[in-house]
Amino acid sequence: MNALPSTPALPALLSMRGVCKRFDNVVALADVALDVHRGEVHAICGENGAGKSTLMKVLSGVLAPDEGEIRIDGEVVHIAGLSDAQRLGIVMIHQELNLVPHLTVAENIWLGREPRRGWFVDRERQREGARACLARLGAAIDPDALVATLPIAQRQLVEIAKALSLDARLLIMDEPTSSLGEADAARLLQVVRELKRDGVGIVYISHRLDELEAIADRATVLRDGCYIATHRWPETSIDAIVSLMVGRELTQQFPPATRRPTRDVLLRVRGLRRDGVVGPVDFDLRRGEILGFAGLVGAGRTETARALFGADPLDAGEIALEGRPLRIRSPRDAIEAGLAYVSEDRKAQGLAVAMSVAHNITMAHLGSLTGALGIIDAARERAAAERFIAQLGIRTPSPHQAARLLSGGNQQKVVIAKWLFRQARVIVFDEPTRGIDVGAKYAIYALMDQLAAQGVGVVLISSDLPEILGLTDRVAVFRQGRIAGVLETRRCSQQDVIRLASVGGQDPTRDPADRAPAPHDNAHDATGGAGLATTSS
């Protein structure tokens, strides 16, 4: 194990040494070390499956370590569960949200700690306490709203408010901005700075390395469950951290394009409308094209995708695939027609988390695995799963591993494998790289390009403008539930997209892509800040 840098004379707020964790024959953590000081933001960096979340689950009492020592203020502690961690002032904001959908925002924030007036819950104190926590985040969310009615970005803010209500001494933040738009993310980073000034120690996990550069004091890198190094951020760089994470240098953010979009319309959508939510929406998706959906919070991108896929009811609209009119009333209709949707919320809408990796990969196309009696051929199912596990580099000890035990990035790959096995003709990727490391992002980018090169139509919904501009051939910019304009990506800038998203101005019938599309060479502006917005609502 590499030695950690020297620490101040006072004992660290947190000190972990020799932490090991195994799942059957899989070593998730091997002799890992970590120190966090008061008033420090300490970043944990690593690819998906590197052990970041496992280490934090050990620290927060979700998992028991097989070996190792944990000290708080220099004293050895035993953390046997969440209550032990909270008693020590350790609170974790999980990447996968842990809210109760049928309860209100206030009830979720105070769950298990309800203020009481005699025998009864003091609802007014509960609401006021929730409002105070939400106000700290600048979040205008009704404390009486049911969590089930909130878009994913607001649910993320409720999760963060819940953690802030616990007055943590050590706050663990696992991908806290992955579902947030630019304004909400900026406010959260300001809250992190305020907590730091108050002496709170913060462990911050994010694949948005520009965030870490802005707020982190030190960074510890894990790779394949092992401790690699710890560096003070002013003495390192994003490129150096990435090289430590992946064990090699990454010279390109986006793969070179191999696709050659045609003028042949694969999917035609006209007058798609869901009253009070989106529409009318018109767009064409060409064969072999990657079409981007961009826009501000509430612009209607995800809602359009869900209506197209039959997940939400349509009030009007015509959809045609390869010139054949489709009647889509449910996801089953969409799947049978050749459409696929990779949801932004993979845990709730993309996976059956209790089922195996193999079952998840094959569930959308079981007919291809059954014999005359309708019995699934287990050998064929395993072979199919193993093929996609190898193709996508899914890190799992076995096709029979439960999907819930995989890292977030590997869960996302399983969702994508499901639609590849189905051989969908059109695939909508909704925030496909949310919470995914740089190496896995590159692999997914390359996969989208390969699919388009094979004639598949790809729609990419992303809140990351460099991602939109680096991958797509055209971008449809949504504003107030409609498409404000369609831009040819290689001839536009981030400012062009933001202008359309914010104030509109282009006649959407004047599509610049009506000109013959030029080969995509990733030569356009794909640099700069974070994304426009989250895709929800």
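What counts and how
Residues numbered from 1 in each chain as written. Predicted model: local features only at pLDDT ≥ 70, side-chain atom pairs only at ≥ 80, totals over all residues. Heavy atoms only, no water. Pairing = 2+ DSSP bridges. Helix = DSSP H or I, 4+ residues; strand = E, 2+ residues; numbered from the N terminus. Axes fitted to C-alpha atoms, helices over the stretch in contact; angles between N-to-C directions. pLDDT = per-residue confidence, 0-100. Contact = heavy atoms within 4.5 Å. Phe/Tyr/Trp six-rings, centres within 6.5 Å; stacked < 30°, edge-to-face > 60°. Buried < 20%, exposed > 50% of the residue type's maximum accessible area, 1.4 Å probe, protein only.

Draft legend 1. Structural context of the sheet that holds strand E16 (residues 316-321). The sheet built from four strands is open, its strands ordered E14-E13-E16-E17 with antiparallel pairing. Each of the sheet's edge strands pairs with one partner strand only, and the pair in question is strand E14 (278-286) and strand E17 (324-326). If you compare each strand with its neighbour and ignore which way they point, the axes differ by 20° on average. Judged from the five bridges that link them, strand E13 (residues 265-274) and E16 form a sheet pairing that is antiparallel. When the bridges of E16 are listed, Val 269 appears paired with Ile 319.

Draft legend 2. Local environment of the confidence of the model for the protein chain. The predicted model of the protein chain has a mean per-residue pLDDT of 83, with 89% of residues at 70 or higher. Under a pLDDT of 50 for its full length, residues 1-7 has, in the predicted model, 19 contacts with residues more than four places off or in other chains. Low pLDDT (under 50) marks residues 507-537, which in the prediction has 113 contacts with non-local residues, meaning those over four places away or in another chain.

Draft legend 3. Spatial organisation of unusual backbone geometry. Across the junction of Gly 279 and Pro 280, the peptide omega takes the value 0°, indicating a cis bond. Position of Pro 280 among the secondary structure elements: in strand E14. For Glu 175, which is not a glycine, the phi torsion comes out positive at approximately 50°.

Draft legend 4. Focus on the packing of aromatic side chains. Taken as a whole and assessed by the stated rule, the structure comprises six aromatic pairs. When the centroid spacing of 5.9 Å and the interplanar angle of 50° are considered together, the rings of Phe 309 and Tyr 341 count as tilted. Placement of Phe 309 in helix H9 (residues 301-309) and of Tyr 341 in strand E18 (residues 339-342) is noted, with a sequence separation of 32 residues between them. By the burial criterion, Phe 309 is buried, and Tyr 341 matches it. For the ring pair Phe 388 and Phe 421, a centre distance of 6.1 Å and an interplane angle of 80° mean the geometry is edge-to-face. Taken together, the residues span a long stretch of sequence, with Phe 388 in helix H13 (residues 378-392) and Phe 421 in helix H14 (residues 408-422) at a distance of 33 residues. Each member of the pair, Phe 388 together with Phe 421, is buried.

Draft legend 5. Summary view of the sheet that holds strand E15 (residues 290-295). Across the sheet, six strands lie side by side as E18-E19-E20-E15-E21-E22; this open sheet has mixed pairing. A strand with exactly one partner marks an edge of an open sheet, and here the two such strands are E18 and strand E22 (482-488). On average, each strand axis in the sheet is tilted by 20° relative to the strand beside it, whichever way the strands run. The pairing of E15 with strand E21 (residues 474-479) spans five bridges and is parallel. Bridging across to E21, Gly 292 finds its partner in Val 475. Relative to the sheet, H14 contacts E18 and strand E19 (426-430), its axis offset from that of E18 by approximately 180°. Here helix H15 (residues 438-453) sits on the sheet in contact with E15, E19 and strand E20 (457-461), set at roughly 150° to E20.

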